[in-house]
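Listed below are the residues making up each chain.
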Amino acid sequence: MAESIAFYTIAAFILGFAVLVVTTRDTVHSVLFLVVDFLFVAALYVLLGAQFLAAIQILVYAGGIVVLYLFVVMLVNLKRPPEEYRDPRRRSVLGFGLSAAVLAELGLIAFWSRLNPAPPLAASAAAALPVTGNTEQVGWLLYTSYLIPFEIASMLLLVAMIGAIVLAKREL
Amino acid sequence: MIDVFVIPLLKVVIVLNATLVGVTYMVLLERKVIAWAQSRLGPMRVGPYGILQPVADAVKLMLKEDITPTRADKWVFTAAPIISMVPALIVYAVIPFGDRIHLFGRDISLYITDINVGLLYIVSVASVGVYGIILAGYASNSKFPLLASLRASAQLISYEVAVTLTLVSVILMAGTLSMVGIVRAQESSHMWFGFVQPLAFAIFFIGGLAETNRAPFDLPEAEQELTGGFHTEYSGMRFALFFLAEYANMIVVSSVATTLFLGGWLRPFPNVAALSFLGIIPGWMWFLIKSFIFLYVFIWVRATLPRYRYDQLMNIGWKVLIPLAIANLVVTGIIRVALL
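Parameters at a glance
Numbering of residues begins from 1 in every chain and follows the order in which that chain's sequence is written. Key to labels: chains lettered from A, ligands numbered from 1, both in the order written. The predicted nature of this model means local features are confined to residues of pLDDT at least 70 and side-chain atom pairs, given and counted, to a pLDDT of 80 or more, with totals for whole chains, interfaces and linings taken over all residues. Strands here are runs of E lasting at least two residues and helices are runs of H or I lasting at least four, both read from the DSSP assignment and numbered beginning at the N terminus. With the radius of gyration taken over C-alpha atoms, the globule rule is written as 2.2 Å times the number of residues to the power 0.38. Buried means a residue has 20 or more other C-beta atoms within 10 Å of its own C-beta, exposed means 12 or fewer, and partly exposed covers the counts in between; C-beta atoms are placed from the backbone. The contact rule is simple: place each C-beta atom from the backbone, and if two of them lie within 7 Å, those residues are in contact. Three classes are used, and their members are as follows: Ala, Val, Leu, Ile, Met, Phe, Trp, Tyr, Cys and Pro are nonpolar, Asp, Glu, Lys and Arg are charged, and the others, Gly among them, are polar. Note on terminology: a nonpolar core is any set of buried Ala, Val, Leu, Ile, Met, Phe, Trp, Tyr and Cys residues joined through C-beta atoms within 7 Å. Confidence scores labelled pLDDT are given residue by residue by the predictor and lie between 0 and 100. To define axes, lines are fitted to C-alpha atoms, for helices over the stretch in contact only, and angles between the resulting N-to-C directions are given on a 0 to 180 degree scale. When describing relative orientation, an angle under 35 degrees is termed roughly parallel and one over 145 degrees roughly antiparallel, while 65 to 115 degrees is termed roughly perpendicular and anything else oblique. By the definition used in this description, the sense in which the near helix is turned from the far one sets the handedness, with an anticlockwise turn below a right angle giving left-handed and a clockwise turn giving right-handed.

(A) Region of interest: the overall build of chain B. Within chain B, the secondary structure is distributed over 13 helices and two strands. Its C-alpha atoms give chain B a radius of gyration of 21 Å, within 12% of the compact-globule value 20 Å for 340 residues. Each principal axis of the C-alpha atoms in chain B carries an extent, and together these give about 60 × 50 × 45 Å. Per-residue burial over chain B gives 44% buried out of 340 residues. For chain B, long-range pairs separated by at least 24 residues make up 77% of all intrachain contacts whose partners lie at least 6 apart in sequence.

And the structure:
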């Protein structure tokens, strides 16, 4: 009971701040609401018992990536609102179409998972692991069952890094 | 009931108050030590040897007019000092000041809580503190604070990388992220990690100076170039919050360094039986003594070294400290795997 109250409160805050992020006129305020939103997502992770993920969420997203967003927003002066798009109606039609597609997808996923309920994966997997503790379990799974996706993700990051260096430094 | 609510609440109240009192007296200590280094007396008028100076300062700061510039972004301008103060204080939740003690027939731990991602919690909370500085510079709507805040945040982000890498090598040694667990690991391996990880210790200390914006890395407050730094437009209690946050962060860095590298609440040479008479000093006293030594060195360094230039600062961070920290991490990993 207490858990679902906490969940719905946090979820309401996440959605509320997400709405503020896209509706605020001032770009810096928008970025700040995004930080608050990330903090509430971290709270959701704590509620799920994933403390490691919560700390990483704050460290990487709230403390790292959004600081860089803020740099860009502050350096690119956006005090003046951008000029109106020529045909605002076309853009809103596109937006509504995409939103409807996402909504349909979510509904489909909910419907599908109700028909085929997944086995309680987390509990059984955690019981089979030779280590205890949140961080240890995440590390163990990353380097055993999910090694190949993990390596692919790190290759992707490496490529992005090399790409950034090449773009920033024309003469090597 | 008492164990769940009353004792933790009491601990929080005691730790926060002790921190704030410690912070105000750090300011006095700094003024005194720098004065002695420069053959002056320092504050002498308020109370004997100036020991009531922090009280006078606090009263002055509270009574001063609180000015918000007309063109400032009011909400962000108000939020910025709060954002920089709160992370500096909530970090104390996981710092272990001592082991468990018996008090009034109860078994009480001398830390507020021990979570299994303690060190990660400290790093992530500290990374949120950067926003206070960036937003203060932005919201003031004035060019010197903006330049200073850009400098400060670039410096913080650069040095955070090196410091976090040294923390990883300590985690490799201890095999846990819990702050209490790290002290216990030093107890069971009969060695402070400062002796097995001297390079990590040195990098952590230099990075700690840079992350708290202390001399010789106090570029964000370089008076000659930037008037007062990112808090130029602040006055009264809001300015005081930035000031207190800086000193609170110094205490945090000292406490973390003590816990990770100098054995936390352990007495010196915990494996030498001949020195067991040192055990009459309780663990929390050892913790405070070690942290105090760090704080003193912080002030000593400020009184001794001139300020670096900005490009030198970035060179040290990216071209010296980060490669050294990575090399140290790799060597530590190899040795750990070879020993297991």
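(B) How the structure looks around the overall build of chain A. Looking only at helices and strands, chain A features seven helices and zero strands. A burial count over chain A gives 13% of its 172 residues as buried. Long-range pairs, those at least 24 residues apart, make up 48% of the contacts in chain A with a sequence separation of at least 6.

(C) Quick peek at the interface of chain B and chain A. Listed as interface residues are 17 residues of chain B and, on the opposing side, 16 residues of chain A. Mapped onto the side of chain B that touches chain A, the elements with two or more residues apiece are α4 (118–128), α5 (130–139) and α6 (143–174) of chain B. For the side of chain B that touches chain A, the element with the most residues is α4 of chain B, which contributes six residues. Per-class residue counts for the side of chain B that touches chain A are 13 nonpolar, four polar and no charged.

(D) Quick peek at the nonpolar core. Residue and element names in this part refer to chain B. Ranked by size, the top nonpolar core spans 113 residues in total, and within it Ile-122, Leu-135, Val-170, Ala-248 and Ala-257 carry the most contacts. Looking at this core element by element, the count peaks at 15 residues for helix α11 (residues 236–261). If we ignore the near neighbours within four places in the chain, the residues touching Ala-248 are Thr-19, Val-23, Ala-88 and Leu-89.

(E) Here's a closer look at the confidence of the model for chain B. Residues and elements named next belong to chain B. Per-residue pLDDT for chain B averages 85, and the proportion of residues at 70 or more is 99%. Ranking the helices and strands of chain B by mean pLDDT puts helix α9 (residues 198–211) first, with 90, and helix α10 (residues 223–226) last, with 69. Scored as a whole, the predicted complex attains pTM 0.84, and scored at its interfaces, ipTM 0.82.

(F) Seen up close, the packing of helix α1 (residues 2–37) of chain B against helix α12 (residues 283–304) of chain B. All names here are of chain B. The contact between α1 and α12 brings their axes to 10 Å, and the two run at 45 degrees. Judged by the angle between their axes, α1 and α12 are oblique. Of the two possible hands of crossing, α1 and α12 adopt the one that is right-handed. Contacts from Met-26, Leu-29, Glu-30, Val-33, Ile-34 and Ala-37 of α1 reach α12 at Leu-295, Ile-299, Arg-302 and Ala-303.

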